[in-house]
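Close look at the chain arrangement
If you want the building blocks of each chain, they are given just below.
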Amino acid sequence: MKIAKNSHCLKFLLLHTVLFIYSLSSVCSKFAAEQSFLSPKFCVFYGGVIALLGFYAIAWQQIIRILPLTTAFANKAVTTAWGLLWGMLFFHEQLTLGKIADVALVICGVVLFSVSEQEETHE
């Protein structure tokens, strides 16, 4: 039983690693938008977007092979938290109570969905 539990945790860790990497594509995209079109920096950042999304496309297919599709999609909403963090770190966006509440609500929804799905699986 312990191995199965660790395996489940490993699957979620893998899922969230893929989602973390996916969220970085938005950072590259925003940096690319700040550059002159086809400038060297634009090409580097835009190339980063393409590379990250290419990795994500392949990794996502592997994720949905090992996790139920509903679980994977529900957890994808966690990227809103990464977006909030990236906005603060890279773009000096202001953290507001509304943004914190929004992200907290999304995280609560993901947790509730994951817990309810896990209970259904064990019944």
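First things first, this report covers the structure right here in the doc. The structure displayed is predicted, hence computed values, not measured ones.

1. Overview of unusual backbone geometry
Although it is not a glycine, Leu-38 adopts a positive phi angle of roughly 65 degrees. Position of Leu-38 relative to the elements: it lies in the loop between α1 (2-33) and α2 (40-66). The class of Leu-38 is exposed, set by a relative accessible area of 56%. The backbone of His-92 shows a phi angle near 55 degrees, a positive value even though the residue is not glycine. Following the sequence through the fold, His-92 ends up in the loop between α4 (79-91) and α5 (97-122). Residue class for His-92 comes out exposed when judged on its relative accessible area of 69%.

2. A word on the environment of Leu-85
Here Leu-85 lies in helix α4. The partly exposed category is assigned to Leu-85, whose relative accessible area is 31%.

3. Description of α4
Relative to the 18 Å expected for 13 residues at 1.5 Å per residue, α4 spans 17 Å between its end C-alpha atoms, a close match to the ideal helical length. Those residues of α4 that sit buried are Thr-79, Leu-84, Trp-86, Gly-87 and Phe-91. Take α4 and look down its axis: the buried residues cluster within an arc of 165 degrees, on one side only. Looking one or two residues past α4, His-92 carries a phi angle of roughly 55 degrees, positive in sign.

4. Observations regarding helix α3 (residues 69-76)
All of the buried residues along α3 are Thr-71, Ala-72, Ala-74 and Asn-75. The arc enclosing the buried residues of α3, seen along the axis, measures out at 165 degrees, which places them on a common side.

5. Let's talk about the nonpolar core
One finds Phe-12, Leu-15, Val-18, Leu-19, Tyr-56, Ala-59, Trp-60, Ile-63, Leu-67 and Ala-72 forming the largest nonpolar core, which totals ten residues. Elements represented by at least two residues in this core include exactly α1 and α2. Discounting residues that sit within four places of it in the chain, Leu-19 has contacts with Tyr-56, Trp-60, Asn-75, Lys-76 and Thr-79.

Conventions adopted
- Residues numbered from 1 in each chain as written.
- Predicted model: local features only at pLDDT ≥ 70, side-chain atom pairs only at ≥ 80, totals over all residues.
- Heavy atoms only, no water.
- Helix = DSSP H or I, 4+ residues; strand = E, 2+ residues; numbered from the N terminus.
- Buried < 20%, exposed > 50% of the residue type's maximum accessible area, 1.4 Å probe, protein only.
- Expected span 1.5 Å × (residues − 1).
- Arc of directions from axis to C-beta.
- Core = buried A, V, L, I, M, F, W, Y, C linked by side-chain atoms within 4.5 Å.
- Contact = heavy atoms within 4.5 Å.

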